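The primary structure of each chain is shown beneath.
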There are 2 protein chains.
Amino acid sequence: FGSMQNVNKVSDVVVFGGTHGNELSGICLVKKWLSGPPLQSATCKVTATLCNPEAIRLCRRYKDCDINRQFTRVDINKVTNAEENLPYEVKRAKELFSQYSDYSGERIILDLHNTTANVKLCLIVEKPTDYFALHMCRYIQQHFSADFCHILLQGKSYGDVRYIAKHGIGIEVGPQPHGVLRADIFDLQEKAVKLSLAFLDKFNNGDIFNPCEIVTYTQFKKVDFPRDHEGNIAGMIHLDLQDRDWQSVSGSSMVFRTFQGDNVTLEDVVKIPDEIKDLVYPVFVNEASYYEKDLAFWLTKKATVALPILKLNVLH
Amino acid sequence: FGSMQNVNKVSDVVVFGGTHGNELSGICLVKKWLSGPPLQSATCKVTATLCNPEAIRLCRRYKDCDINRQFTRVDINKVTNAEENLPYEVKRAKELFSQYSDYSGERIILDLHNTTANVKLCLIVEKPTDYFALHMCRYIQQHFSADFCHILLQGKSYGDVRYIAKHGIGIEVGPQPHGVLRADIFDLQEKAVKLSLAFLDKFNNGDIFNPCEIVTYTQFKKVDFPRDHEGNIAGMIHLDLQDRDWQSVSGSSMVFRTFQGDNVTLEDVVKIPDEIKDLVYPVFVNEASYYEKDLAFWLTKKATVALPILKLNVLH
Ligand SMILES: [Zn+2]
Ligand SMILES: [Zn+2]
């Protein structure tokens, strides 16, 4: 198995809602916990907080730029002092970074998101070697029916808010339109957060999480919409692909239909290497906020990851 | 039947997409008709046009204010010449008004919209006495299965873009998240537009539309979300009501659930007069853009409207 990891008792959990200001279920859950009985764990301190208050006020994804791409920059570049000219989200990221990043104990970040795509419950982890986070995901996943909860590996860091702690997961639930709060999606996200805390309590209490294999999906390729020569979108997600996140696609799968009615297959737009052709799964199909990122859906590669045994102070 | 109406040959149709800049199916249909084979009718001139280009560029409902509330103001107040300070949408409304409102022939407006609510196909007409528009709606409705297409009466003018012609209908389709284009919703809206033109061709060619009764739903009451003492939303649409547009509700129907888990019934928030208690139907349940308007859903009253015979030059 992978290299030894720090597996001390987790003493602190920070739950971020509103990293994107129009993703209402995380925002409203945090507001619920702040205004009523707080979110609690038996074994660690839990803080629920709003990540991007100005974007929340505007009910937009962001004010100046996407805050979930800023944390690497804050860390690495240290940001100059000419703060007047900084985009709001860079200032806010810097603020959160200085508030949370030098914690001496073991801290976990839960970052709550919504998507317009039909992902159901999607748990996002950066690296396939973050066995602690992956054990947490597996624990959550086991409380849902088959094919309802999937584990997505980013493959690389985007500079998201989870970067300010050693371990973190993104809890992405959908489909929900941005700017709308659905009770079913609210309940699903709350259940996922409570299962995360239940896992941490079990871990802190010395429970053993046995070696096991999990199925993961690693993002490897962005696919953009068909476009005209001026760069405008000229087609849409094909009915065969719409709402079919986590369902296998092949080169001959219809993925777009142009406005004029022509079908476009996956192999028309992407060259899939032969060695992975049976392992390709689309996700974040028709996510609203990705239109401006020239992204109609992500392709992921399905893979099994072996997790080592996990218990307090033991991971080998 | 109602008073005699002008039923001359229709010579002109204007189809507006993008009255709201993040409602993508109307926007993309208009772009399709502008860049490829144009939308056409056998008997009248058809113009497809983008209503609010700046909002479309931003992919937001509006830039400064909702353009679909400005047309009355433009007409009645004539707007001062201090145009520098006018909100973008007032300027654009004024521009459209001067471009379209003094047409001497018979013009029809089709105004294309999307909603996040599960309305399927909703045809919007201002008045129950606009028999011409209601005959058009009935013609469209007959091409869909029962309960798929409903006719909504606004009861009063909102100053929308349909105001610039004598007859107009709003073609509202959903559910679709704002900022997302779904192929099924695109197809549905295109079908409704083409049926509208087919109706106009039949009418212009002298076809007779017989007296008949239609079922309509008239908006009579806005219902707001539960709120805390600071005015923040403190609850959400109940699972019993979510996605149940056009389904009858009574005083004991659950309509909200607070974040803390308490159910709220319709009679907790609205007093329904006894004489209409069996006729109350919610619509636009959980429409994203209504959150800022303090509006969780509309209540409508179901009613039958008798339509007189309609043919070219004859309505009595
Ligand atoms: Zn997000
Ligand atoms: Zn609209």
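Here the structure is a predicted model, which means the values were calculated and not measured.

Peer 1: What is the right way to look at the overall build of chain A in this model?
Peer 2: Looking only at helices and strands, chain A features seven helices and twelve strands. Expected size for 316 residues packed as a compact globule is a radius of gyration near 20 Å; at 20 Å, chain A falls within 12% of this value. In terms of overall dimensions, chain A has a C-alpha envelope of 60 × 50 × 40 Å along the principal axes. Relative to all contacts within chain A whose residues are 6 or more apart in sequence, the contacts with residues 24 or more apart total 76%. Total accessible area computed for chain A in this model is approximately 12900 Å², and 48% of it derives from carbon and sulfur atoms.

Peer 1: Teacher, can you tell me more about the UniProt feature "active site" (unreviewed entry) in chain A here?
Peer 2: When the UniProt feature table is mapped onto this chain, "active site" (unreviewed entry) is found at Glu172(A). One can find Glu172(A) in strand β6 (residues 167-174).

Peer 1: Whenever I open this one, the coordination of the zinc ion (ligand 2) confuses me. Can you help?
Peer 2: When four donors bind a metal tetrahedrally, each ideal donor-metal-donor angle is 109.5 degrees, and when six bind octahedrally, the ideal angles are 90 or 180 degrees. Residues and elements named next belong to chain B. Within the protein, His20 (ND1), Glu23 (OE), Glu23 (OE) and His113 (ND1) serve as the donor atoms for the zinc ion (ligand 2), at 2.0 to 2.3 Å. Every donor counted, the four donor atoms about the zinc ion (ligand 2) form angles of 58 to 148 degrees at the centre, which fits irregular coordination. Between consecutive donor residues of the zinc ion (ligand 2), the sequence gaps follow H-x2-E-x89-H. Remark: histidine 113 occurs in strand β3 (residues 107-114) and glutamate 23 occurs in the loop between β1 (12-17) and α1 (24-35); sequence separation between them is 90 residues. Considered together, glutamate 23 and histidine 113 belong to a single accessibility category, that of buried residues.

Peer 1: What is the right way to read the side chain of Arg257(B) from this model?
Peer 2: Along the chain, Arg257(B) falls in strand β9 (residues 254-258). Only 2.4 Å separates the side chain of Arg257(B) from the side chain of Asp187(A), close enough to count as a polar contact. In this structure, Arg257(B) is in contact with Ala183(A), Phe186(A), Asp187(A), Gly235(B), Met236(B), His238(B), Leu239(B), Asp262(B) and Asn263(B), ignoring residues within four places of it in sequence.

Peer 1: Any chance you could explain the coordination of the zinc ion (ligand 1) here in plain terms?
Peer 2: All names here are of chain A. The protein atoms that coordinate the zinc ion (ligand 1) are His20 (ND1), Glu23 (OE), Glu23 (OE) and His113 (ND1), at distances spanning 2.0 to 2.3 Å. Note that the zinc ion (ligand 1) binds four donor atoms; their angles at the metal cover 58 to 150 degrees, and the shape is irregular. Written as a sequence motif, the donor residues of the zinc ion (ligand 1) are H-x2-E-x89-H. Remark: histidine 113 occurs in strand β3 (residues 107-114) and histidine 20 occurs in the loop between β1 (12-17) and α1 (24-35); sequence separation between them is 93 residues. Histidine 113 shares its class with histidine 20; the two are buried.

Peer 1: Would you mind showing me how to read the confidence of the model for chain A here?
Peer 2: When pLDDT is low, close inspection of the predicted coordinates is not appropriate. Put simply, chain A has an average pLDDT of 93, and 93% of its residues get 70 or more. The ipTM, which scores confidence in the relative placement of chains, is 0.94 for this predicted complex, and the corresponding pTM is 0.95.

Peer 1: How should I be thinking about helix α6 (residues 183-204) of chain B in this particular structure?
Peer 2: For an α-helix the count is 3.6 residues per turn, leaving residues at separations of three or four pointing the same way. Residues and elements named next belong to chain B. Here α6 contains 22 residues, and its C-alpha end-to-end distance of 31 Å stays within 8% of the 32 Å for a straight helix at 1.5 Å per residue. With 16 of 22 residues buried, α6 is to be regarded as a mostly interior element. Positive phi shows up at glycine 206, right after α6, with a value of about 95 degrees.

Peer 1: Can you help me understand the pairing of strand β12 (residues 297-307) of chain B in this one?
Peer 2: Two faces belong to every sheet, and in a regular strand the side chains alternate between them. All names here are of chain B. Across eleven bridges, the pairing between strand β7 (residues 212-223) and β12 is antiparallel. Residue lysine 221 lies in a different strand from β12, and its bridge partner there is leucine 299. Direction of pairing for strand β11 (residues 280-283) relative to β12: antiparallel, over a ladder of four bridges. Bridging from a neighbouring strand, valine 283 pairs with tryptophan 298 of β12.

Peer 1: Honestly, the pattern of salt bridges in this entry has me stumped. Any pointers?
Peer 2: It is possible for side chains bearing opposite charge to pair when their charged atoms get close. Residues and elements named next belong to chain B. For the structure shown, the criterion picks out 38 salt bridges over all chains. For arginine 57, the salt bridge goes to glutamate 54, with nearest N and O atoms at 2.6 Å. Of the two residues, arginine 57 and glutamate 54 are both situated in helix α2 (residues 53-58); the distance of three residues between them amounts to about one turn of the helix. One salt bridge in this structure joins arginine 61 and aspartate 66, with 3.1 Å as the shortest N-O distance. Using a relative accessible area of 6% as the deciding quantity, one classes aspartate 66 as buried.

Peer 1: Would you explain the environment of Leu112(B) in this entry?
Peer 2: All names here are of chain B. Structurally, leucine 112 is set in strand β3. Judged by its relative accessible area of 1%, leucine 112 is buried. Not counting the four nearest positions on each side in its chain, leucine 112 is found in contact with Val15, Phe16, Gly17, Gly18, Glu23, Gly26, Leu29, Trp33, Ile171, Gln189 and Val193.

Peer 1: Which parts of the structure should I look at to understand the sheet that holds strand β8 (residues 235-237) of chain B?
Peer 2: The strands making up a sheet are joined through hydrogen bonds of the backbone, oriented either antiparallel or parallel. Residue and element names in this part refer to chain B. Read across the sheet, three strands follow the order β8-β9-β10 without closing on themselves; strand pairing throughout is antiparallel. A single partner strand is all that each edge strand has here, and the edge strands are β8 and β10 (263-265). Between one strand and the next, the sheet's axes are offset by a mean angle of 30 degrees, whatever the strand orientation. Of the pairings in the sheet, the one linking β8 to β9 comprises three bridges and is antiparallel in character. In the sheet register, isoleucine 237 faces β9, and the bridge partner there is phenylalanine 256.

Peer 1: Which parts of the structure should I look at to understand the interface of chain B and chain A?
Peer 2: A common measure of how large an interface is: the accessible area buried when the components associate. In this complex, chain B contributes 29 residues to the contact, which on the side of chain A involves 29 residues. For the pairing of chain B and chain A, the buried interface totals around 2600 Å² over both sides, and the portion due to carbon and sulfur atoms is 58%. Sorting the residues of chain B by area buried against chain A places Leu181(B), Phe259(B) and Gln260(B) first, and these three jointly supply 20% of that buried surface. On the surface where chain B and chain A come into contact, there are four salt bridges. Among the ionic pairs, Arg257(B) bridges to Asp187(A), the shortest N-O distance being 2.4 Å. For the pair chain B and chain A, the interface holds ten residue pairs in polar contact (both at pLDDT 80 or more). Counting residues per element, the ones that place at least two in the side of chain B that touches chain A are α1, α6 and β8 of chain B. Within the side of chain B that touches chain A, the residues separate by chemical class into 14 nonpolar, eight polar and seven charged.

Each value, and the rule that gives it
Residues numbered from 1 in each chain as written. Chains lettered and ligands numbered in written order. Predicted model: local features only at pLDDT ≥ 70, side-chain atom pairs only at ≥ 80, totals over all residues. Heavy atoms only, no water. Helix = DSSP H or I, 4+ residues; strand = E, 2+ residues; numbered from the N terminus. Rg over C-alpha atoms; globule rule 2.2 N^0.38 Å. Contact = heavy atoms within 4.5 Å. Areas by Shrake-Rupley, 256 points an atom, 1.4 Å probe, with all protein chains shown as cover. UniProt positions renumbered as here; feature names shortened; annotations may be inferred. Donors = N, O, S within 2.8 Å, 3.2 Å for Na, K, Ca; no water. Tetrahedral: all angles 85-135°; square planar, octahedral: opposite > 155°, others 65-115°. Buried < 20%, exposed > 50% of the residue type's maximum accessible area, 1.4 Å probe, protein only. Polar contact = N/O pair within 3.5 Å; in protein donor to acceptor, adjacent residues only side chain to side chain. pLDDT = per-residue confidence, 0-100. Expected span 1.5 Å × (residues − 1). Pairing = 2+ DSSP bridges. Salt bridge = Lys/Arg side-chain N within 4 Å of Asp/Glu carboxyl O. Axes fitted to C-alpha atoms, helices over the stretch in contact; angles between N-to-C directions. Buried area = accessible area lost by both parts, 1.4 Å probe. Nonpolar A, V, L, I, M, F, W, Y, C, P; charged D, E, K, R; others polar.

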